[in-house]
Every structure is written in structure tokens, then in C-alpha cells.
Amino acid sequence: MTIRTRFAPSPTGLLHVGNARAALFCYLFAKRGDDSGSGEFMLRYDDTDEARSTEAFSAAIDEDLAWLGLHPDLTARQSERFDRYEEVFESLKQQGLVYACYETPDELDRKRKRQLARGLPPVYDRAALELSEQDKQAHADNGNSPHWRFKLSGQEVVWEDLIRGTQKIDTSSLSDPVIRRADGTWLYTLPSVVDDLDMDITHVIRGEDHVTNSGAQIELIEALGGDVPRFAHFSLMLGADGSNLSKRIGSLSLQELREQGFEAMSLNNLIARLGTADPVEPVQDMATLIAGFDISRLGRAPARFDPEDVARLNARILHDMSFASVQQRLAALGAPEEEAFWLSVRGNLERFDEITDMVRLINGPVTPVVEDDDAAFIAAARDALPAAPLTADSWSAWTSELKQQTGRKGRGLFMPLRQALTGQAHGPEMQHLLPLIGYDRVMARLSGSDA
Ligand code: GLU
């Protein structure tokens, strides 16, 4: 069996970290799944809500997934499949499995309140099943269009969830789900099930807020004569303080994290392990993350997400990143495409875009800082500078010479040189910076000019 998963966002807003987790699990599971590497990850736009779905949000989803490195093998759009949903709907109608209802939202609300007042569960009473043809005609004559419900069997639905273990949903405790609104538009249930079947989805991996839906969906799948896919419902994510993440969605959109300059792998590493007992590691590449993924490691307790953890991981990832993996990005920021440069500065980065500060240390302009007490020392340093070209050995040759000449050592020896050459008290190792700054600029800075 070729594993096929789907990530099914509605393009009605920006993806947030919780969506990224669903996408990542679907991707990792498909790629890891059968060890053959042939599993497929589908992106399906659940865009049946044509009023709220936009091209701009679809494009943003594409961009976010590309940034995360979750490249879909297949793509589908529900808005192109309305004819198919209509066909399935008609066949369910023929089988008497969907039925027309005319209650207004107010009426339904009153029914629910009455049931609750009597201590009963607020389950739809199926009054519409009692309507005669004449009643329906009367509604039609009054211009009332029906909404449509799927008739549940009232039996227990059982499945073996890959994360939650054995799940049982007694469908007699559920209202028959509305699958189509009075204006003809679709709710999520029917298109989702039809697509999962038509598109040979083998594993449905989604948040635990869908567990109850799965009960009704399994009945619908069976009514359509389809094979029930395996389900995995993962626990939801909370903020670090236990608050509901969705309230802070704005600050956690993927677009925003990207614009703040975070590496996608930092986020991937974190969200792949949140909710498991396994440690979060600064893995550099997707292949390693795939190899280490095991969906059964996910627990049922909510996962807590702290953006500070992304920032911390980001620094760890950058400090280990190979030159090859950043070469093009260096060029884009006008940084030297030199391994020596990258290796000398990466340990000082918390975010990649800080590379521009590092470029300035080398190319200038730098305003040299020379304390009054150090003026003579800097003059001596200029005289003792090794001849061009400066190399990886120049720094130690130069500072040993100055140590002998002036008797300075440690901080008193190194700090004035760093400040004169970079204008700053901290930064990458001078040994590496010196050849990159180059003889002419070093000379100029030692002479006090903004080079
Ligand atoms: N469009 C649905 C959602 O975003 C998909 C849920 C599912 O994976 O079935 O909630």
C-alpha cells in the first residue's frame, strides 16, 4: 500500500503554527511511513466556502509550505469538484440517507434549550423525518429551501486511532450532521469524505477537534461503500502559559515567523517533537527529521508552544549550518560567498539576517573606537601589522609581537584591537575577521578612518 496523506487547509486566512504542525505530521508520516520513501503528501484546498476563500490565501499557503520544505506531491481543490459532490449527494438521497430539514436557526436553538432544561443531551430530534410530502410542498410554496442532514445509524463507531488508541463514538449521541446548507453550499463533511475516498487517502492525520467528526465521517464513508482510512488525531497546541493558541494566532502566523527571519527548520524541529517525550534537536535537514519521526510517540496531553523556543533553536541551527546550505543566501544579502567568512560569523548569529551586520564589520563603514589610554598601543599595532596579504595566521603573529613589545596581554591586548577594527566590543573571532577585512582596511581603521 502506498501511503497517501493530505493536508487540507481552507484558504480563508493565513496558516498559523497549529496548521504547520498538521502539515508537518502529514508530510513526515507519508515520507517516513512505509520506509519505501514512496509515500505521497497531498495539499488539498478546502475551498468550498467561495465567499471567504481567496487566491491570495491559497498563494500564501503555497509560499508557507514551500518555506517549511513540505513540497506536495499532489494538489487538489474542492471548488473544482462541486459536480462530484452533487452526484454523491443525489445517490445518498436516493438511498434515503440524507433528508430535508426546514428548521430555522432560532427554532433549533429553542429545541436545544428545551432539551437542556429537561436534562437531555441537545441532539437534533429528527422532527424533519416526520414531514409529509405535503408539508414539504407547503415549505416550497412559501419559498423555504431545505438544508440537508445525513442520517446516522445510531450505532457505535469504533476505530483504532494511531495516536489515541481505540476510539468509540456512539452516533446515537450525535445530531445528524448538516451536510448542505439551504443556499446549496456544502459544509465540510461530505466534500472531505468524498475527496478522501476518490483521492485514495490512506491516512487522515488531523487535530483532535475532529474526533467527533470522524465518527460521523466513518458512517458516511461506509454508506458510500468506501474503505475507511486510518485516522490519527493529535492533541492541540496551547501557548506556553497554557492559553489557547488561536487567540494569539496573529502573532504566530508562519508569514510573520518567516518575516522575523527564523529558519523553517527551527520551527519544524520544534513542532515535530512537541507533544512527545523525545528531545527537540537542532536537526539541519528534512531527511533526518523524517527518519526520526514516529507518530506513535505523540501523546494525548496538549502540546505547549513557546515562540522563545523557536528563537533558541534558531540560533543552534545557524551555529551548525554548513556553508553549502547558505551560500546562495549569503550572496542575496551581499555577503562574501566564502566559507571562511561563514564559519567565522555563524556562531554569532541568532537570525540569518544579522549577517548584514557581519558584512558591515568587514566591508565597513566601521567607526573605529580607540580609548585615550590605548592610542599609543594602536599606533604600535599599526607599525607591527604583518605585511599584506593578511592570512589565518596573521592575528596570532601580530598579537604575539605586540605582547612582547608592549607587555600587554589578555583583554588589554585584544580588546583595543577589536574595537579599533570593528568599532564593537563583541563579535566573531578576530583571527578569522582579520584576513576578510584585508590589509588596506585594517591599516585605514588603525589610522582612525571610517573604512
Ligand atoms: N479543512 C479542514 C480544517 O481545516 C480539514 C480538516 C481535516 O483534515 O479533515 O479543519
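Above: the structure in question.
Scoring rules and cut-offs
Residues numbered from 1 in each chain as written. Predicted model: local features only at pLDDT ≥ 70, side-chain atom pairs only at ≥ 80, totals over all residues. Heavy atoms only, no water. Helix = DSSP H or I, 4+ residues; strand = E, 2+ residues; numbered from the N terminus. Buried < 20%, exposed > 50% of the residue type's maximum accessible area, 1.4 Å probe, protein only. Pairing = 2+ DSSP bridges. Axes fitted to C-alpha atoms, helices over the stretch in contact; angles between N-to-C directions. Contact = heavy atoms within 4.5 Å. Phe/Tyr/Trp six-rings, centres within 6.5 Å; stacked < 30°, edge-to-face > 60°. Lys NZ or Arg CZ within 6 Å of the ring centre and 35° of its normal.

In this chain, Gly364 is followed by Pro365 through a cis amide linkage whose omega measures 0°. You can see Pro365 is positioned in the loop between helix H14 (355–363) and helix H15 (375–384). Positive phi, close to 60°, is recorded for Arg126, a residue that is not glycine. Tracing the chain through its elements places Arg126 in the loop between helix H4 (105–117) and helix H5 (133–141). With a relative accessible area of 27%, Arg126 lands in the partly exposed category. The backbone of Asp200 sits at a positive phi, close to 55°, despite the residue not being glycine. Along the chain, Asp200 turns up in the loop between helix H6 (189–198) and strand S9 (203–207). What makes Asp200 exposed here is its relative accessible area of 52%.

With that settled, the discussion passes to the sheet that holds strand S4 (residues 98–101). Strand order in the open sheet formed by three strands is S4-S5-S8, with antiparallel pairing between adjacent strands. The open sheet has two edge strands, S4 and strand S8 (178–180), and neither has a second partner. Geometrically, the sheet is characterised by an average inter-axis angle of 45° between neighbouring strands, direction not taken into account. For strand S5 (residues 147–150) and S8, the ladder comprises two bridges, and the chain directions are antiparallel. Within S8, the residue paired with Arg149 across the bridge is Val178.

What follows concerns the side chain of Arg4. By the element assignment, Arg4 lies in strand S1 (residues 4–7). Since its relative accessible area comes to 18%, Arg4 is described here as buried. Among all residues touching Arg4, those that are not within four sequence positions of it are Glu40, Leu74, Met199, Asp200, Ile201, Thr202 and His203.

Time to look at the packing of aromatic side chains. Within this structure, the stated rule accounts for eleven aromatic pairs. By way of ring pairs, the aromatic residues Phe82, Tyr85, Phe89, Trp148 and Trp186 are connected into one cluster. Above the ring of Tyr124, the side-chain terminus of Arg149 is found at 3.8 Å from the ring centroid. Sitting above the plane of the Trp186 ring, Arg180 keeps its charged end 3.9 Å from the centroid.

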